[in-house]
Amino acid sequence: MSTGSDGGFQDPPAEVLAEAAAAFGLLATPARLHIVWALAQGESDVTGLAERVGGTLPSVSQHLTKLKLAGLVRSRREGRRQVYLVDDPDVVTVVRLMVGQLAERAGHPAREPVRLRELGA
C-alpha cells in the first residue's frame, strides 16, 4: 500500500474495504474462526474438523461451504473424502496473529485446543 503525501497510508478503494469487511464478517463467528484456525494447522476433512472443534457434521459442513464461497478455504477430493485447506496464506497469517496475541494476553498458549461449546457457539 502506498503512502500519501503527508506520510500516512492512502485509503484503499471502497470495493477493497467492502471485500475485507465481508471476509472479517465471515470470521466473526467463533465456529468459523476455529475452523480456519484448525485448517491453518493443516488439511482436514469434515469429520476431523467436527471432532477437533466440537461441532456437528452438518454445522461444520455449512460453515465450510460459506468459507469456501468466500474464497477463504478450498477443498480437494482425496478418494471418497473431501479435504479442506486454507486457500489464502495471508488469511492464515492474520488469524494466527490475532488469535495468538489474544491468547497470549489472556495468559493461554494458543496451541491449547478450545472447543466451540466453550466459546458459546
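Residues numbered from 1 in each chain as written. Predicted model: local features only at pLDDT ≥ 70, side-chain atom pairs only at ≥ 80, totals over all residues. Heavy atoms only, no water.

Q: How would you explain the nonpolar core if you had to name every residue and give the values?
A: Core analysis: the biggest nonpolar cluster contains 22 residues, and I35, V36, L39, L49, V60, L64 and L67 have the highest contact counts within it. For this core, the secondary-structure elements that each account for two or more residues are helix 2 (30-41), helix 3 (46-53), helix 4 (57-69), strand 3 (81-86) and helix 5 (89-105). In terms of residues, this core owes the most to one element, helix 2, which gives 6 residues. (Core = buried A, V, L, I, M, F, W, Y, C linked by side-chain atoms within 4.5 Å. Buried < 20%, exposed > 50% of the residue type's maximum accessible area, 1.4 Å probe, protein only. Helix = DSSP H or I, 4+ residues; strand = E, 2+ residues; numbered from the N terminus.)

Q: Pulling in residues and values, what's your account of the confidence of the model for the protein?
A: Considering every residue of the protein, the mean pLDDT works out to 84; 83% of them sit at 70 or more. Per-element mean pLDDT across the protein ranges from 86 in helix 5 up to 97 in strand 1 (residues 44-45). Counting interchain partners and residues more than four positions distant, the pLDDT-below-50 stretch residues 112-121 has 17 contacts. (pLDDT = per-residue confidence, 0-100. Contact = heavy atoms within 4.5 Å.)

Q: Which residues make up the packing of helix 2 against helix 3, and what values go with them?
A: The interhelical angle for the contact between helix 2 and helix 3, taken along N-to-C directions, is 115°, at an axis separation of 10 Å. Crossing geometry of helix 2 relative to helix 3 is assigned as right-handed. Taking contact as the criterion, the partners of H34, I35, W37, A38, L39 and Q41 in helix 2 are, on helix 3, L49, R52 and V53. (Axes fitted to C-alpha atoms, helices over the stretch in contact; angles between N-to-C directions. Left-handed = near helix turned anticlockwise from the far one by under 90°.)

Q: I'd like a rundown of the pairing of strand 3, residues and numbers included.
A: As paired strands, strand 1 and strand 3 are joined by 2 bridges and run antiparallel to one another. Bridging from a neighbouring strand, S44 pairs with Y84 of strand 3. (Pairing = 2+ DSSP bridges.)

Q: Any chance you could break down the side chain of D45 for me, citing the residues and the numbers?
A: Mapped onto the fold, D45 is located in strand 1. Owing to a relative accessible area of 15%, D45 belongs among the buried residues under this scheme. Apart from the residues within four sequence positions on either side, D45 is in contact with R81, Q82 and V83.

Q: So, the pairing of strand 2 (residues 73-78): which residues are in play, and what are the values?
A: Inspection of the sheet shows strand 2 paired to strand 3 by 6 bridges, in the antiparallel sense. In the sheet register, V73 faces strand 3, and the bridge partner there is V86. Between strand 2 and the antiparallel strand that follows it, strand 3, lie 2 residues; G79 among them carries a positive phi value of about 70°.

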